[in-house]
Amino acid sequence: MPASERQVWAPLAEAFEDSGGTPVRLVEGPNSTDLRENLYTAALLARDSSFDLVLMDVTWTPKFAAAGWLLPLDGSFDRDELAAFLPQALDAGRYDGRLYRLPTRTDVGVLYYRRDLLEQAGEPPPRTFADLERTARALQDPPHRWGFVWQGSQYEGLICAFLEVLRGHGGYWVSGETREVGLELPAAVEALEFLRSSRLGQPISPPGVTTYKEEESRRIFQEGRAVFLRNWPYVWRLAQAAGSPLAGRVGVQAVVSRSGAPGAGSLGGWGLGVSRYSENPDAAVAFIRHAGSLAGQRILCRTSGYVPSRREAFEDPLLLSANPFLETLRPIHDSAAPRPALPRYALASDILQRRVSAALAGLATTREALAAAARETRLLLGDRARGRSAGAGQFAAEQHLPPYVGRDGVGGR
Amino acid sequence: MRRAALMLAVALVAGWSLGPAAWQALTALKPDDQITRVPTVYLPDPPTTRHFETLWARKPFGAYLANSVVISGAAALLAVVVGLLAAGALARTTGALRDRTLLGLLLLALFPPILLLFPLYEGVRALGWINHPLGLILPYAALNLPLAVWILESGFRQIPREVDEAARLDGLGPLARVFRVQLPLAAPTVVTAGILVFIFCWNEFMLALTFMTRDAGKTVTAGIASVGGASIYEIPWGQLSAAIVLATAPLVLLVLVFQGRITSGLTRGAVKG
Amino acid sequence: MNDTGHRERVLLLLPALLLAGLVVGLPVLRVLQLSFSRVELDGGISTSWAGLDPYVRLWQDGRFWTALRNTAVFTGASVLLETALGVGVALVLHQRFRGRGMLRAVVLLPWALPTAVMALAWAWIFNDAFGVANDLLGRLGFIERPVAWLGEPGTAMAAIVLADVWKTTPFVALVVLAGLQGIPESLLEAARVDGLGAWQRFWYVVLPLLAPALVVAVVFRAVQAYGAFDLVYVMTGGGPGGSTETVSLYAYQHYFRYLDFGYGSAVATAGVVLALLPLLVVLRWARAREVR
């Protein structure tokens, strides 16, 4: 686990031992998600049996499962037990029909806004991208206050933010069923243009947005220097904390979409799986069950402010009193959309990150960037026909969008 | 005038060479708030050893250092012993065999490590030596053999043939000749070779990073350097600097003590080439 | 050379040659094999023959060509700078002054320190907010605002080149120094008597005599710089935007992040082959000049 989470997991481990479970040893790793992924990969590739549980990000399941590093959990949990979890979060732990990871906490991308500023100007909260842009432009006062702040640095967070805009425009990255790459469709072009023009030209986002990750963007917003912020639920508690300049002035909603319906925030979250090389699989499963139980969820989420993955936790008085925000979050989470379930997701993500970054930095045009990303993604997906799409040519004006495919891939909407 | 220019040059060279390391040492001794102050604070005021203390408590630094010493030492020993044999033989050889062997060894040394990494990983894994010192010692010894042989060979060349002949006439077999006659006479060169291999092994990163997945088994180089890559809000630069200082201190010592040998060792191959 | 002597010598040579050969030879063969393979993740990691497909993919892989270009730029800039600096440092060390031995030890220091660990130190030096590089440059009046060294492609490359040059200049300096020490004083005297100034003496007498040693050092260094991994992995991770990603790093990502040992092997192999070609050309050219 990241070193910073020790105080979250330690009480859980203690409670587990107190109730008769085997002692649990916590191993600290670097805080960076990518680094921990590399550490796990190195250890599992080496068939290291020194750890039993794998704390996995939502995008790691396909890779670890496909590599054969995880033990399936279907046999250890019955349907009722599993039904207790939020379906989107649970599905993120499935691969190829089997369950490999039980979610311990979940996340969904949301849009924060300065309710006080909007009310003052008589603007309603935005529903569409056009609304967002208009309101941001009207209320911003650069460089003291920017309209729209998000995570534009070249890392996984950028993908999360970009996918929300992409889905909001009705586009898709990789279709689950057909493995079609949708990066050259008009929707994708519009989506990337939206983000790109937020920063270049007549910006509503600060030029430094391409260096921001979660914390940088949060700080800008929390210091009152932004009207809108796209980020994760954790920001809410910090913004509302005593002493925060924004206490009581922040509103939160689902991300916007072109149609005006609530958009699909990117699904995030973490969960536990069992390593195939574990020498104590039963004890590992017992701990996972404990972490997913209501008691476990309380321990994990009460002080940390994490979003629980268990349904009833959203109605639990204890958790609600610590984090009333959960009530607002629940419906938003219902439309959370996962990232593509590819074993080589890391490569697909790296490809897209790189190209989107280049476009945002003005080093490439939107079309160039998307064309390159599409080509490289097709190569990755194994289309040996020289990276061309299996279907029609590029930028076809008339492409009907595939129906919403389902949780094992990313469909349009 | 010329003297002044020379002194300036000397100062520049010294400053350039010492600068980054010295800066690290200064940072390691600064209190946290002075580390992140703008404009930069140069001298710690007052210096503190707190970073060293927290570092020692948080990371198994003692283990890292011990691993580095054991692995580098054993690899150096192995490389030198095996290299001795080859060098002993090569020094008495002339012509095509010698030239081709030396050239061949040189070519082997030039292979980019990334090319060899994965198969070596597979091999070490198959032997069950992942997270085991032998998993690094053997590859290190083998990969540094060319260097060892090059250095040792030129040292052995210095030994007059007559000494060899006399030993053979005395009835000493080839192994005995290498270890009991040539080795003592070329002792300085042997030490040089050992030190250089030791340094290369200590500093090696790619294999160390990949073959040791458990924290406690890491060498000091891999243990520290695999921390980087987060934002300023996450890396405790004070502690990191302390770690860097501790990781490099042994090498600084080595250089100060063995400076002459290292120099001659490094230049031997190139000039003779 | 008697027969038993010869056989003895070969026997003594065997362990070293075997060990060194095995640890290089077998892996190279395996990497070649892997480079023609496809690695799938299908409940396990399975490898199958794929013929030339990985190389076809490589040909269209923009990231590979970018990595190759980055590596070439890095190698070229680094070797150029460290050769120039190395010669300069050697010239200084060649002079007689008190404390020369001390200076030699000091000069040697960068080379002895682990690249990976010092890469962290350099990342701190080039930190945009708190780094001493920005501070010094600002104080000296060279820049007005802090430069985001590792955040911009051009400056990031400059930063890693600088870090590499710092580490490897001592090696070149020492080699050149040994070469300088081998130049007979009489030759330089004669040149001085002939009326050649210091610079001309250097250019027409010293440099040509240094050439062989320099060529060896440069070739050695070029190959090493080409395979550079530690510095880039730790200091920039290949960023920003892949602008400092070298072939080594890209191959490593495929091996240990994307779990594609087949394609990673193709990247590594192609990278090495494409690097060897210009190197061979350079070597041929150097050989020809040496004969003259």
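In short, a report on the structure.

Thresholds, definitions, all that
- The numbers attached to residues start from 1 for each chain and follow its sequence in the written order.
- Chains and ligands are labelled by the order in which they are written, letters from A for the one and numbers from 1 for the other.
- Where local features are concerned, this predicted model is filtered to residues with pLDDT of at least 70; where side-chain atom pairs are given and counted, the filter is 80 or more; whole-chain, interface and lining totals use all residues.
- Between any two strands, at least two bridges found by DSSP are needed for them to pair.
- Numbering of helices and strands runs from the N terminus; a helix is a DSSP stretch of H or I covering at least four residues, while a strand is a stretch of E covering at least two.
- Once C-beta atoms are placed from the backbone, any two residues with those atoms within 7 Å are in contact.
- Lines fitted to the C-alpha atoms define the axes, with helices restricted to the stretch that makes contact. Angles between their N-to-C directions range from 0 to 180 degrees.
- All amino acids are sorted into three groups, where Ala, Val, Leu, Ile, Met, Phe, Trp, Tyr, Cys and Pro are nonpolar, Asp, Glu, Lys and Arg are charged, and the leftover types, Gly among them, are polar.
- By definition in this entry, angles of less than 35 degrees are roughly parallel, angles greater than 145 are roughly antiparallel, angles of 65 to 115 are roughly perpendicular, and the rest are oblique.

Turning our eyes to something else, we now look at the sheet that holds strand β9 (residues 267–274) of chain A. Residues and elements named next belong to chain A. Pairing is antiparallel in the open sheet, where four strands are placed in the order β1-β9-β4-β10. Since the sheet does not close on itself, it has two edges, and those belong to β1 (53–57) and β10 (307–308), each with one partner. Pairing of strand β4 (residues 102–108) with β10, which is carried by two bridges, proceeds in the antiparallel orientation. Each residue of the ladder has a partner; that of R105, found in β10, is P308. Against the sheet, helix α12 (residues 281–292) engages β1, β4 and β9, with an angle of about 150° to β9.

Each strand in a sheet pairs with another by means of backbone hydrogen bonds, the pair being arranged parallel or else antiparallel. All names here are of chain A. On the basis of which strands lie adjacent, the open sheet formed by four strands has the order β6-β7-β5-β8 and mixed pairing. Edge positions in the open sheet fall to β6 (146–149) and β8 (250–253), since each of these has one partner strand only. The average angle at which neighbouring strand axes cross in this sheet is 15°, direction not considered. Relative to β6, helix α7 (residues 129–139) is tilted by about 140°, and along the sheet it contacts β6 and β7 (226–231).

With that settled, the discussion passes to the interface of chain C and chain B. Listed per partner, the contact involves 74 residues of chain C and 75 residues of chain B. Ranked by residues supplied to the side of chain C that touches chain B, first place goes to helix α1 (residues 3–35) of chain C with 16 residues. By residue class, the composition of the side of chain C that touches chain B is 58 nonpolar, ten polar and six charged.

A packed helix pair is summarised by two numbers, namely the angle formed by the two axes and the spacing between the axes. All names here are of chain A. Interaxial distance between helix α9 (residues 186–199) and helix α16 (residues 345–360) falls to 9 Å at its minimum, and their mutual angle equals 45°. Of the possible angle classes, the one that applies to α9 and α16 is oblique. Along its contact with α9, which presents L192, L195, R196 and R199, the element α16 presents V356, A359 and L360. The residue makeup of the contact of α9 with α16, split by class, is five nonpolar, no polar and two charged.

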